[in-house]
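# Residue-level structural notes
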Amino acid sequence: MTGDLGGRKVFVRTFGCQMNENDSEHITGVLLKAGAARAERPEDADVVIVNTCAVRQKSEEKLYSYLGRLSRLKKKRPFVLGVAGCVAQVRKTDLVARLPYIDLVVGPDGYPDLPGLVVRAAEAPEVRTELGPEWREMGAASTVRESPWSAYVPVMEGCDNHCAYCIVPFSRGPEKYRPLPNILAEVRDAADAGAREIQLLGQNVDSYRDPGSGLGFAGLLEEVAAVPGPEWVRFITSHPRNFGDDIIRAMAANPKVCRALHLPLQSGATPVLARMNRGYTHEDYLSLVSRLKEGLPGILLTTDVIVGFPGETEDDFAATCGVLREVRFGGIFSFRYSPRPLTAAAAVPDDVPLEVKRRRLVELQALQRTIQIETNASLVGREVRVLATGPSPKGAGRFTGRTETNLVVNFDAPADPTGRFLTVRVTGAGAYSLHGTAL
Ligand code: SAM
Ligand code: SF4
């Protein structure tokens with residue numbers, strides 16, 4: 001499907017995870033390739049694409065309030081309004097039926113056809129939400145990277161796990177793996193364009209299998225780490241069920257693979273994990289963590305936790321807090337459970353009262369805050385290697401970056417080091433960041 005967008009200005013707004021951020025880089029790339037130009041604000045755009053997240057009820061509510069603002073803007077100055085991403089994929093035609101000011105609804109597999117879809121949507125509403133069985137190759141050529149020194153490279157999409165609470169298997173479909181040659185070609189392209197860090201992306205990267213050779217995720221890591229240029233390789237997200245010792249060995253053998261791992265726990269209570277269909281127990285998770293810490297000294301783990309899943313008792317919640325105390329994560333994303341359409345858990349009563357969910361979330365976050373204050377304070381006086389990502393919002397002469405373990409560091413430097421590695425002496429630490437001076 002073709003479409004000439006010559007002269008039209010596009011604005012893309014992203015909600016949600018890194019997969020969505022990367023998809024937005026593709027969406028922008030595909031539209032610019034068709035002749036469009038970038039607008040900095042929706043007020044100046046002829047086409048506005050909102051790339052959406054459906055993972056929690058709150059994410060969807062935030063989207064509807066943003067769409068409400070755009071509808072008021074559209075009355076003053078017409079533009080083509082497109083909704084992309086997970087909400088588009090799950091809600092389909094209902095979105096246009098409910099919000100008739102939307103012109104285009106497009107799921108992830110429709111992005112390569114966006115120019116034609118936008119042209120048609122200007123005439124009459126378009127809905128395109130089929131999910132194909134094959135990997136949709138967008139290629140590096142149609143990506144506009146927001147950060148050239150830190151390049152996202154997708155390796156798989158979708159999810160076969162069907163955790164009871166999660167909408168992702170419906171919004172992204174079953175797992176599809178990107179062929180290894182395409183991944184390596186994009187890594188090389190990113191390296192040629194100056195990438196210092198490669199971030200491999202997928203809902204479940206550790207279940208990766210190359211469709212051609214059958215190579216698994218450990219082998220993929222080795223291949224990516226062998227590409228000259230980038231000094232750091234990261235990946236997100238890993239599922240504890242699929243994380244084999246071969247991956248730990250591959251990480252240990254490749255110093256370019258960062259000593260940082262996001263390993264979603266969700267709950268520390270085995271009965272809750274079973275009802276969530278996570279495929280591991282409290283003990284399995286802790287045993288994996290000790291193998292990781294033994295095989296990869298200095299590794300910093302981060303995690304996701306849901307509080308108030310149906311049937312979660314005070315003892316279950318205490319077990320989750322126990323895992324936080326034992327593992328001492330470097331950071332957590334924590335959420336109150338909310339039922340999502342199509343999921344198995346939506347069929348059982350959401351029986352933990354809102355005030356109990358709220359209290360557990362506050363307690364969990366306070367506990368984690370104390371842990372982070374202690375672990376971050378232990379780095380004061382040390383020298384850390386930092387990839388500088390840009391000026392700090394804190395003001396002139398201050399910059400921000402990340403350590404290999406993915407901690408945020410704000411530091412003073414005489415000249416702008418954005419996009420480069422440097423050594424920073426840590427002079428102070430808070431719960432959520434370190435600060436220091438460039439050496
Ligand atoms: N694939 C990853 C995994 O296995 O954890 C990430 C999935 S999801 C995009 C990100 C996080 O949102 C999940 O890890 C989970 O903690 C949270 N989440 C998903 N569904 C939720 C729900 N219904 N209510 C609250 N939090 C939810
Ligand atoms: Fe959702 Fe579970 Fe798949 Fe993660 S592994 S995307 S939480 S279904």
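Whatever comes next refers back to the structure up there.
Here is a short report on the structure shown in this document. (Residues numbered from 1 in each chain as written. Chains lettered and ligands numbered in written order. Predicted model: local features only at pLDDT ≥ 70, side-chain atom pairs only at ≥ 80, totals over all residues. Heavy atoms only, no water.)

### Let's talk about the overall build of the chain
- Assigned secondary structure in the chain consists of 13 helices and 19 strands.
- In terms of overall size, the chain behaves like a compact globule, its C-alpha atoms giving a radius of gyration of 22 Å where 439 residues would be expected to give roughly 22 Å.
- Counting over 439 residues, the chain shows a buried share of 56%.
- Within the chain, counting contacts between residues at least 6 apart in sequence, those at least 24 apart form 72% of the total.
- Averaging the locations of the 53 positively and 52 negatively charged side chains of the chain gives two centres separated by 5 Å. (Helix = DSSP H or I, 4+ residues; strand = E, 2+ residues; numbered from the N terminus. Rg over C-alpha atoms; globule rule 2.2 N^0.38 Å. Buried < 20%, exposed > 50% of the residue type's maximum accessible area, 1.4 Å probe, protein only. Contact = heavy atoms within 4.5 Å. Lys, Arg positive; Asp, Glu negative; His and termini not counted. Charge placed at Lys NZ, Arg CZ, Asp CG, Glu CD.)

### Quick word on helix α1 (residues 18-33)
- The first and last C-alpha atoms of α1 sit 22 Å apart over 16 residues, in line with the 22 Å expected at 1.5 Å per residue.
- Among all positions of α1, only M19, N20, N22, D23, S24, E25, H26, I27, T28, G29, V30 and L31 are buried.
- Directly beyond the C-terminal end of α1, a positive phi value near 105 degrees is found at G35. (Expected span 1.5 Å × (residues − 1).)

### Quick look at the sheet that holds strand β14 (residues 331-336)
- A sheet is described by the order of its strands in space; here 3 strands give the open sequence β12-β13-β14, paired in parallel fashion. This sheet does not close on itself; its edge strands, each paired only once, are β12 (260-262) and β14. For this sheet, the mean inter-axis angle between neighbouring strands, taken without regard to orientation, is 10 degrees.
- By the bridge criterion, 3 bridges tie β12 to strand β13 (residues 300-307) in an arrangement that is parallel. (Pairing = 2+ DSSP bridges. Axes fitted to C-alpha atoms, helices over the stretch in contact; angles between N-to-C directions.)

### Here we look at the site of ligand 1
- The immediate surroundings of ligand 1 are formed by 15 residues, with R56, Q203, Q266, D304 and S338 found nearest.
- In this structure, a nitrogen atom belonging to ligand 1 sits 3.1 Å away from a main-chain N or O atom of Y165.
- Residue R278 places a side-chain N or O atom 3.5 Å away from an oxygen atom belonging to ligand 1.
- The set of elements that each furnish at least two residues to the shell around ligand 1 consists of β13 and β14.
- Its residues assigned to classes, the shell around ligand 1 shows 6 nonpolar, 4 polar and 5 charged. (Near = heavy atom within 4 Å. Polar contact = N/O pair within 3.5 Å; in protein donor to acceptor, adjacent residues only side chain to side chain. Nonpolar A, V, L, I, M, F, W, Y, C, P; charged D, E, K, R; others polar.)

### Description of the pairing of β13
- The element β13 is largely enclosed, with a buried count of 7 among its 8 residues.
- Pairing between β13 and β14: 6 bridges, direction parallel. The residue of β14 that forms the bridge with T302 is G331.
- In terms of handedness, the path from β13 via helix α12 (residues 314-327) over to β14 forms a crossover that is right-handed. (Right-handed = clockwise from strand over helix to strand, strands pointing away.)

### Some words on the packing of aromatic side chains
- This model, assessed by the stated rule, comprises 8 aromatic pairs.
- With 5.0 Å between their ring centres and 70 degrees between their planes, F217 and F235 make a pair best called edge-to-face. Here the residue F217 occupies a position in helix α8 (residues 217-225), and F235 occupies one in strand β11 (residues 232-236), the gap between them amounting to 18 residues. Each member of the pair, F217 as well as F235, is classed as buried.
- Seen in terms of ring centroids, F309 and Y337 are 5.3 Å apart; in terms of plane orientation they differ by 75 degrees. Their pairing is edge-to-face. Remark: Y337 occurs in the loop between β14 and α13 (354-377) and F309 occurs in the loop between β13 and α12; sequence separation between them is 28 residues. Residue F309 shares its accessibility class with Y337, and that shared class is buried.
- Taken together, the ring pairs in this structure connect Y165, F309 and Y337 into an aromatic cluster.
- For R56, the ring lying beneath its charged end belongs to F335, and the centroid distance is 3.6 Å.
- In this structure, R98 is placed above the aromatic ring of Y64, and the distance from its NZ or CZ to the ring centre is 4.2 Å. (Phe/Tyr/Trp six-rings, centres within 6.5 Å; stacked < 30°, edge-to-face > 60°. Lys NZ or Arg CZ within 6 Å of the ring centre and 35° of its normal.)

### So, the pattern of salt bridges
- A complete count under the given rule lists 29 salt bridges for this structure.
- Across the salt bridge formed by R136 and E157, the nearest N and O atoms sit 3.3 Å from each other. One end of the pair, R136, is in the loop between β6 (126-128) and β7 (150-154); the other, E157, is in strand β8 (residues 156-157), and 21 residues separate them in sequence.
- Residue classification places E157 among the buried residues on the basis of a relative accessible area of 3%.
- Within the structure, one salt-bridge network assembled from shared partners comprises D23, D109, R136, E157, R172 and K176. (Salt bridge = Lys/Arg side-chain N within 4 Å of Asp/Glu carboxyl O.)

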